[in-house]
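Below, each chain spelled out in residue letters.
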Amino acid sequence: MPYTANPCWGFDEGVGMTMFDIKALHAPAHDDEPGAVIEVDFYHAGKLLAQDDAAIVSAAKERLDMMLPASKFASVVDAAVVRLPAGVNWYFPGSYSS
């Protein structure tokens, strides 16, 4: 992953996301451990709230694979989905112009 925080958009209209490299954020504490720990935060994502956890994890993995082709060979070992419908972040793709 290029940076510890990697903003992305363009997958779903109006929905953005940031991919975080959690292992790098906590370096060097876990440098010797195999694998990666990736967090994907979707924002302005009300349309995703009704999806079940498996669909959201699948969507996150699909987008990660598009952004980082090497991740296609990785599998999701564990996942947690947290929904914060009232957790407002006023940023969304295109908001800087409004």
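The following refers to the structure shown. Note that the structure is a prediction, hence the values are computed from the model and not measured.

This next bit is on the overall build of the chain. When helices and strands are counted, the chain shows 2 helices and 3 strands. Within the chain, the fraction of its 98 residues that count as buried is 22%. Sequence separation of 24 or more characterises 44% of the internal contacts of the chain that already satisfy a separation of 6 or more. Element-wise, carbon and sulfur atoms account for 59% of the exposed surface of the chain, whose accessible area totals about 7000 Å². Charge-centre separation for the chain: the mean point of 6 positive side chains lies 6 Å from the mean point of 13 negative side chains.

In this section: the environment of Ile-56. Its place among the elements puts Ile-56 in helix α2 (residues 53-67). Measuring from C-alpha to C-alpha, the distance between Ile-56 and Trp-9 comes to 16 Å, with 47 residues separating the pair along the chain. Excluding anything up to four places from it in sequence, Ile-56 contacts Phe-42, Leu-48, Gln-51, Val-81 and Arg-83.

Pairing within the open sheet is antiparallel, and its 3 strands lie in the order β1-β2-β3. For this open sheet the edge positions go to β1 (5-12) and β3 (38-43), each flanked by a neighbour on one side alone. On average, each strand axis in the sheet is inclined to that of its neighbour by 25°, with strand direction left out of account. Of the pairings in the sheet, the one linking strand β2 (residues 15-21) to β3 comprises 6 bridges and is antiparallel in character. When the bridges of β3 are listed, Asp-21 appears paired with Ile-38.

Attention shifts here to the pattern of salt bridges. Using the criterion set out here, one finds 3 salt bridges in the structure. For the salt bridge of Asp-53 with Arg-83, the shortest nitrogen-to-oxygen distance reads 2.8 Å. In this pair, Asp-53 sits in helix α2 while Arg-83 sits in the segment after α2, placing the two residues 30 residues apart along the sequence. For Lys-61, the salt bridge is made with Asp-65, and the minimal N-O distance between the two is 2.6 Å. Of this pair, Lys-61 and Asp-65 both sit in helix α2, 4 residues apart, which is roughly one turn of that helix. Across the pair, exposure class does not vary: Lys-61 and Asp-65 are buried alike.

Geometrically, the link from Ala-27 to Pro-28 is a cis peptide bond, its omega value of 0° lying close to zero. Positive phi, close to 55°, is recorded for His-44, a residue that is not glycine. Considering the arrangement of structural elements, one finds His-44 in the loop between β3 and α2. On the basis of relative accessibility, which here comes to 46%, the residue His-44 falls in the partly exposed class.

Conventions adopted
Residues numbered from 1 in each chain as written. Predicted model: local features only at pLDDT ≥ 70, side-chain atom pairs only at ≥ 80, totals over all residues. Heavy atoms only, no water. Helix = DSSP H or I, 4+ residues; strand = E, 2+ residues; numbered from the N terminus. Buried < 20%, exposed > 50% of the residue type's maximum accessible area, 1.4 Å probe, protein only. Contact = heavy atoms within 4.5 Å. Areas by Shrake-Rupley, 256 points an atom, 1.4 Å probe, with all protein chains shown as cover. Lys, Arg positive; Asp, Glu negative; His and termini not counted. Charge placed at Lys NZ, Arg CZ, Asp CG, Glu CD. Pairing = 2+ DSSP bridges. Axes fitted to C-alpha atoms, helices over the stretch in contact; angles between N-to-C directions. Salt bridge = Lys/Arg side-chain N within 4 Å of Asp/Glu carboxyl O.

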